[in-house]
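Results of the structural survey
Here is what each chain is made of, one letter per residue.
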Amino acid sequence: MSLLRVLGRPMLASMFVAGGLDSVRHPQNVAGVAEPVVRPVTDRVPLLPDSTEDCVRLSGAVRVVGGLLLATGRMSRPAALVIAVTLIPTTLAAHRFWEEEEDPDQKAQQRIHFLKNLSMLGGLLIAADDTGSAPSLAWRGRHAAHDLRRDARLVRHSVRAGAGPAAVAGRVRAKLSS
């Protein structure tokens, strides 16, 4: 594993572990802000808890576990993808800069946080696609199919090359035995 991955994954994960722990311990701090986004999601997904605080706790726990998996390099691709999924509603709930009309400084701060989360989402998507310098399953499949086609071509050429002389030898043997 490269040094960049060893250092980069924990750095990317640190924000999610810290923020997730805070959400698990103190969901009431963000439940009010999360309500407009959580309510429509919980109405459509019956598996989620009805309480906004419980949803915030669940999201925080997912971010902690995903962050730890990403930081340690264990199942880092699915972990990055799961964290990315939790980051989308978090960003839409907490950093609605387009709704801020009264205070231009507050609007600028919310826009900065929104873009920061968007950047982290990009990093997570890159991490979810990172195969750790090992070929992906799709690459392996394409190359295995290519190798099978090449092997089949070689066998076909070998059979054709050997079939002509074998036929001649068979005819000669048949004439000699008659």
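Some words on the overall build of the protein
Looking only at helices and strands, one finds 6 helices and 0 strands in the protein. Of the regular secondary structure in the protein, the N- to C-terminal order runs α-α-α-α-α-α. In terms of C-alpha radius of gyration, the protein reaches 29 Å, well past the compact-globule figure of 16 Å for 178 residues. Along the first, second and third principal axes, the C-alpha atoms of the protein reach 105 × 40 × 30 Å.

A word on the side chain of Gln-110
Mapped onto the secondary structure, Gln-110 falls in helix H5 (residues 104-129). You can call Gln-110 buried: its relative accessible area is 14%. Leave out the neighbours within four places in its chain, and Gln-110 touches Ala-94, His-95, Arg-96 and Phe-97.

Things to note about helix H2 (residues 28-44)
The end-to-end C-alpha distance of H2, which contains 17 residues, comes to 23 Å, matching closely the 24 Å that a straight helix rising 1.5 Å per residue would cover. Along H2, the positions that sit buried rather than exposed are Ala-31, Ala-34, Val-37, Val-38 and Thr-42.

Re the environment of Thr-86
Checked against the element boundaries, Thr-86 lands in helix H4 (residues 76-94). With a relative accessible area of 12%, Thr-86 lands in the buried category. Thr-86 sits 70 residues away from Phe-16 along the chain, and the two C-alpha atoms are 9.9 Å apart. The residues contacting Thr-86, other than those within four sequence positions of it, are Ser-59, Val-62 and Arg-63.

About the criteria used
- Residues numbered from 1 in each chain as written.
- Predicted model: local features only at pLDDT ≥ 70, side-chain atom pairs only at ≥ 80, totals over all residues.
- Heavy atoms only, no water.
- Helix = DSSP H or I, 4+ residues; strand = E, 2+ residues; numbered from the N terminus.
- Rg over C-alpha atoms; globule rule 2.2 N^0.38 Å.
- Buried < 20%, exposed > 50% of the residue type's maximum accessible area, 1.4 Å probe, protein only.
- Contact = heavy atoms within 4.5 Å.
- Expected span 1.5 Å × (residues − 1).

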